[in-house]
Amino acid sequence: MSTALVFVEVLDGKIAEITYELLDVARQMVGEDGTVTALAVTRQEMLKDLGKADRILLAANPNDQYLPDVLGKTLAKAIESTQPDIVLAGSTAVGLDVATYAACRTGYGSVAYVQKVAQAGDGWMAEALILGGKMVASVEVPARSVLQVIAGVGNAEQGRAEGTPPVETLEAEAAARTAYYGLTMPDTSDVDITKQDVLVSIGRGIGDKDNVEIAEELAEALGAVVSASRPIIDAGWMPKSRQVGKSGQKVKPKVYLALGISGAPEHLEGMRDAELIIAVNTDPKAPIFDVAHYGIVEDLLDFVPLLTEKINE
Ligand SMILES: Cc1cc2nc3c(=O)[nH]c(=O)nc-3n(C[C@H](O)[C@H](O)[C@H](O)COP(=O)(O)OP(=O)(O)OC[C@H]3O[C@@H](n4cnc5c(N)ncnc54)[C@H](O)[C@@H]3O)c2cc1C
């Protein structure tokens, strides 16, 4: 009988959606006979919809402060006290920070950017994105491993269940070598890309600031809004409020048109739940095509103006 420990991610005073996805993955990995424990470093009143876990370990964090060393040490303590076969955290900014630290402290193995996991003999096999998503590594996952799982692998609806399983307290590690000053969320005063039905998203393949205009013209023809990958924001070609991805916004439009975006895991994290993904890229092996429903291998500088022209016709 296998055991899993799920790290409950709390961000901005809420349980992050990835937590429910992890509970779904954990349940699939250990089966109905196995035991799923959720470690929540938060407040008692936050423990909602965690019914997929068999029990909760609650370590008090009265103000939900994000202190990576405290969270990491507390997770390590939970691992040491429960000795789970598998530890699951999100392959998110928080999960990568906290779970890698805990793996190092406990001697557990660690696999990040996990996009798939399946039973293999007594253990599991995981597929993990490496080199910024350009390659996929198949990794044997024996017992005593930490997996950081990317958003979209588990099903949050399946992982969310009413009710609170038995709660046991665990003393949170108190000594912090970090200080919490506050959480800064991306500025959404410009336009809220999380609320759009159609996004025309541009990446480094757009080539030049002057070419942003062709994406804006297409967006106008479609009644859409332009969003972007991080390099476009870093170059100052679009405001931060338009950034999709791990350090930007998580979007779920009806249509996501990815123009000249390679599909790095940090970008996929922000858009892989879009209902329909259409990618235009000159490289037929670009990882964006792994998540796209439709792919066009073309130079976007040729294709996009033609598409705009046709739509306007
Ligand atoms: C901690 C951390 C957080 C991050 N957060 C984010 C984030 O929030 N969002 C984000 O996007 N990234 C983020 N990144 C960066 C991420 O790793 C990638 O570097 C980034 O997503 C790559 O952006 P891109 O796809 O636009 O560029 P590239 O990877 O350079 O891809 C450009 C693509 O355009 C294609 N192309 C080139 N010319 C053309 C053309 N004329 N027509 C069609 N296709 C063309 C190329 O084949 C290529 O696939 C983060 C990285 C780290 C380490």
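Keep in mind that this is a model prediction, so the values were computed, not measured.

J.: Could you clarify how one ought to interpret the site of the ligand in this entry?
T.: Surveying the vicinity of the ligand reveals 24 residues, the closest of which are Ser229, Ser247, Ser262, Glu266 and Asn281. At a separation of 2.6 Å, an oxygen atom of the ligand approaches a polar side-chain atom of serine 262. Within the contact set of the ligand, an oxygen atom lies 2.7 Å away from a side-chain nitrogen or oxygen of glutamate 266. When its residues are assigned to classes, the shell around the ligand shows five nonpolar, 12 polar and seven charged.

J.: Any chance you could explain the pairing of strand β4 (residues 35-42) here in plain terms?
T.: A regular strand places its side chains on the two faces of the sheet in alternate fashion. Counting buried residues along β4, seven of its eight residues qualify, which places the element largely inside the surrounding structure. Note: strand β1 (residues 3-8) against β4, six bridges, orientation parallel. Following the sheet pairing, leucine 5 is matched in β4 by threonine 37. Bridging between β4 and strand β5 (residues 55-60) involves six bridges; their strand directions are parallel. Bridge pairing in β5 links valine 41 to alanine 59.

J.: Would you explain the nonpolar core in this entry?
T.: The nonpolar side chains of a soluble globular protein tend to be buried with one another. In terms of nonpolar packing, the biggest core is built from 35 residues, with Leu88 and Leu147 touching the most fellow members. Residue assignment for this core shows that the elements contributing at least two residues are β1, α1 (17-30), β4, β5, β6 (86-90), β7 (109-120), β8 (123-130) and β10 (145-149). No other element matches the eight residues that α1 contributes to this core. Those residues in contact with leucine 147 that lie beyond four places of it in its chain are Met29, Ile86, Val87, Leu88, Ala89, Val111, Val114, Val117 and Val141. Core analysis: the next-biggest nonpolar cluster, separate from the first, contains 22 residues, Leu5, Tyr108, Val146 and Leu170 among them.

Calculation criteria
Residues numbered from 1 in each chain as written. Predicted model: local features only at pLDDT ≥ 70, side-chain atom pairs only at ≥ 80, totals over all residues. Heavy atoms only, no water. Near = heavy atom within 4 Å. Polar contact = N/O pair within 3.5 Å; in protein donor to acceptor, adjacent residues only side chain to side chain. Nonpolar A, V, L, I, M, F, W, Y, C, P; charged D, E, K, R; others polar. Buried < 20%, exposed > 50% of the residue type's maximum accessible area, 1.4 Å probe, protein only. Helix = DSSP H or I, 4+ residues; strand = E, 2+ residues; numbered from the N terminus. Pairing = 2+ DSSP bridges. Core = buried A, V, L, I, M, F, W, Y, C linked by side-chain atoms within 4.5 Å. Contact = heavy atoms within 4.5 Å.

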